[in-house]
Amino acid sequence: MNPQLFLAFLVVAGALACTPGVDWAYSIAAGLKQRSFVPAVAGLCSGYVLHTALMVAGLAALLAGLPGVLGWLTVAGAAYLLWLGFGTIRSWRGATFSAGPASAEGTAGGSTAGGSTAGGPASISAAPAESTQFRSFLQGVGTSGINPKGLLFFVALVPQFVSPEAALPVPVQSGLLGLTFVLLAGAVYTCVALLSRKLLHSRPGAARRVTLTSGIIMMALGTVLLSEQLIPVVAGLA
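Heads up: these notes are all about the structure in this document. Per chain, residues are indexed from 1 in the order of the written sequence. Totals for whole chains, interfaces and linings use every residue, but because this is a predicted model, local features are given only for residues with pLDDT of at least 70 and side-chain atom pairs only at 80 or more, for both listing and counting. Working from all heavy atoms in the structure, the side-chain values ignore hydrogens and water.

**Some remarks on the overall build of the protein**
Phase 1 of the analysis: Secondary structure follows DSSP: runs of H or I at least 4 residues long count as helices, runs of E at least 2 residues long count as strands, and numbering of each begins at the N terminus. Scanning the protein from terminus to terminus reveals 10 helices and 0 strands.
Phase 2 of the analysis: When the helices and strands of the protein are read in sequence order from the N terminus, they spell out α-α-α-α-α-α-α-α-α-α.
Phase 3 of the analysis: Exposure categories follow from relative accessible area, calculated using a 1.4 Å probe and restricted to protein chains: below 20% of the type maximum is buried, above 50% is exposed, and the middle band is partly exposed. A buried classification covers 38% of the 238 residues belonging to the protein.
Phase 4 of the analysis: Contacts between residues were defined by any pair of non-hydrogen atoms, one from each residue, lying within 4.5 Å. Partitioning the contacts of the protein with sequence separation of at least 6, the portion at a separation of at least 24 is 86%.
Phase 5 of the analysis: Carbon together with sulfur atoms contributes 72% to the accessible area of the protein, which is approximately 12200 Å² in total. Per-residue accessibility takes into account occlusion by the displayed protein chains alone, with areas from the Shrake-Rupley method and a 1.4 Å probe.

**Things to note about the state of the cysteines**
Disulfide: a covalent bond connecting the sulfur atoms of a pair of cysteines.
Phase 1 of the analysis: Cysteine sulfur atoms that come within 2.5 Å of each other are treated as a disulfide pair. Evaluation of the coordinates by the stated rule reveals 0 disulfides.
Phase 2 of the analysis: Cys18 carries a free sulfur, and the closest cysteine sulfur to it, the one in Cys191, is 8.7 Å from it.
Phase 3 of the analysis: Exposure remark for Cys18: the relative accessible area of 45% places this residue in the partly exposed category.
Phase 4 of the analysis: On the basis of relative accessible area, Cys191 is assigned to the partly exposed category, the value being 45%.

**Structural notes on the layout of surface pockets**
Phase 1 of the analysis: Of the two site types, the cavity is a set of points on a 1 Å grid over the protein atoms alone where a 1.4 Å probe fits but cannot get out, and the pocket is an open set with protein on both sides within 12 Å along at least five of seven lines, each lined by residues with an atom within 4 Å of a point. Grid points are joined across faces, edges and corners, and a volume is the space filled by probe spheres set on the points. In this structure, the second largest pocket encloses a volume near 300 Å³.
Phase 2 of the analysis: Residue lining of the second largest pocket: 16 residues in total, with Lys33, Leu84, Gly87, Thr88 and Gln139 positioned closest to the centre.
Phase 3 of the analysis: Going through the elements one at a time, α2 (22-33), α5 (67-90) and α7 (120-145) are the ones with two or more residues in the lining of the second largest pocket.
Phase 4 of the analysis: Ranked by residue count, the leading element in the lining of the second largest pocket is α5, at 6 residues.
Phase 5 of the analysis: Partitioning the lining of the second largest pocket into residue classes produces 7 nonpolar, 6 polar and 3 charged. All amino acids are sorted into three groups, where Ala, Val, Leu, Ile, Met, Phe, Trp, Tyr, Cys and Pro are nonpolar, Asp, Glu, Lys and Arg are charged, and the leftover types, Gly among them, are polar.

**Re the packing of α2 against helix α9 (residues 170-200)**
Phase 1 of the analysis: All axes here are fitted lines through C-alpha atoms, helices being fitted over the stretch that makes contact, and every angle between N-to-C directions spans 0 to 180 degrees. For the pair α2 and α9, interaxial distance at closest approach is 8 Å and the crossing angle is 45°. Between α2 and α9, the angle is such that the two are oblique. Handedness of the α2/α9 crossing: right-handed. Residues Asp23, Trp24, Ser27, Ile28, Ala30, Gly31 and Leu32 of α2 touch α9, and the partners they reach there are Val188, Tyr189, Val192, Ala193, Ser196, Arg197 and Leu200.
Phase 2 of the analysis: In terms of residue class, the contact of α2 with α9 is built from 9 nonpolar, 3 polar and 2 charged. Roughly parallel means an angle under 35 degrees; roughly antiparallel means over 145; roughly perpendicular covers 65 to 115; every other angle is labelled oblique. It is the rotation of the near helix from the far one that decides the hand of a crossing: anticlockwise by less than a right angle makes it left-handed, clockwise makes it right-handed.

**Remarks on the packing of helix α3 (residues 38-57) against α9**
Phase 1 of the analysis: Running from N to C, α3 and α9 point in directions that differ by 165°, and their axes come no closer than 9 Å. Judged by the angle between their axes, α3 and α9 are roughly antiparallel. Seen along the crossing, α3 lies across α9 with a hand that is right-handed. Mapping the contact onto sequence places Val41, Leu44, Cys45, Tyr48, Val49, Thr52, Met55 and Val56 in α3 and Pro171, Ser174, Gly175, Gly178, Leu179, Phe181, Val182, Gly186, Tyr189 and Thr190 in α9.
Phase 2 of the analysis: Of the residues assigned to the contact of α3 with α9, the class counts are 12 nonpolar, 6 polar and no charged.

**What about a nonpolar patch on the surface?**
Phase 1 of the analysis: Together, Leu168, Val172 and Leu176 make up an exposed nonpolar region whose accessible area comes to about 210 Å².
Phase 2 of the analysis: By the element assignment, Leu168 lies in the loop between α8 (148-156) and α9. Here a patch means residues that are over 30% exposed by relative accessible area and free of salt bridges, tied together within 9 Å if like-charged and within 5 Å if nonpolar (Val, Leu, Ile, Met, Phe, Trp, Tyr). By salt bridge we mean one thing: a side-chain nitrogen of Lys or Arg within 4 Å of a carboxyl oxygen of Asp or Glu.

Below, the structure written as structure tokens:
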């Protein structure tokens, strides 16, 4: 792989990962609402791993060349962002850092089940916590994986930094560049979620406003994606 092209890709990919967007909004919301933001960040990265695999297999370019399929993917991604944003906005009043569902249920179990065994409350609270983390992971996968803009990013940008004269085959170079972006994005999203938790830990009012803003961003981006598909249809009917 050409070292100069790789360094240039690092600069461009790092700048894109540091640009606030729906991934940032979801990372912030997870940092405030979830006991651990790791599943959310892992889900976001997994979505981009999916895009990388499609790119290496050549399916990304194929899908990009099929406007009808890409249009339906855009509608699905827009609907998902609207649903996720609506759920985030609904929860903004209670958005503040807490120990998480497991701790709350463990406390409740300890106060009401005085005669239960020591292992009872812990085993009861473990399942909801695991379910919440898995749901957070899947939502992260959907946030980055269903977004057609991410698919087009890999199709349009990554090939610009691939060198046909390099010793490594083009698919291998593409895969390495894609995974490099995944690592950069994971580091950035982790910092975003961690900082949101640290900075807003003792500021419940600010935490609520940030969560509300995150939900609005998700819904706004979903609306933009949906309008990109509906406007041509409406114009055609007119």
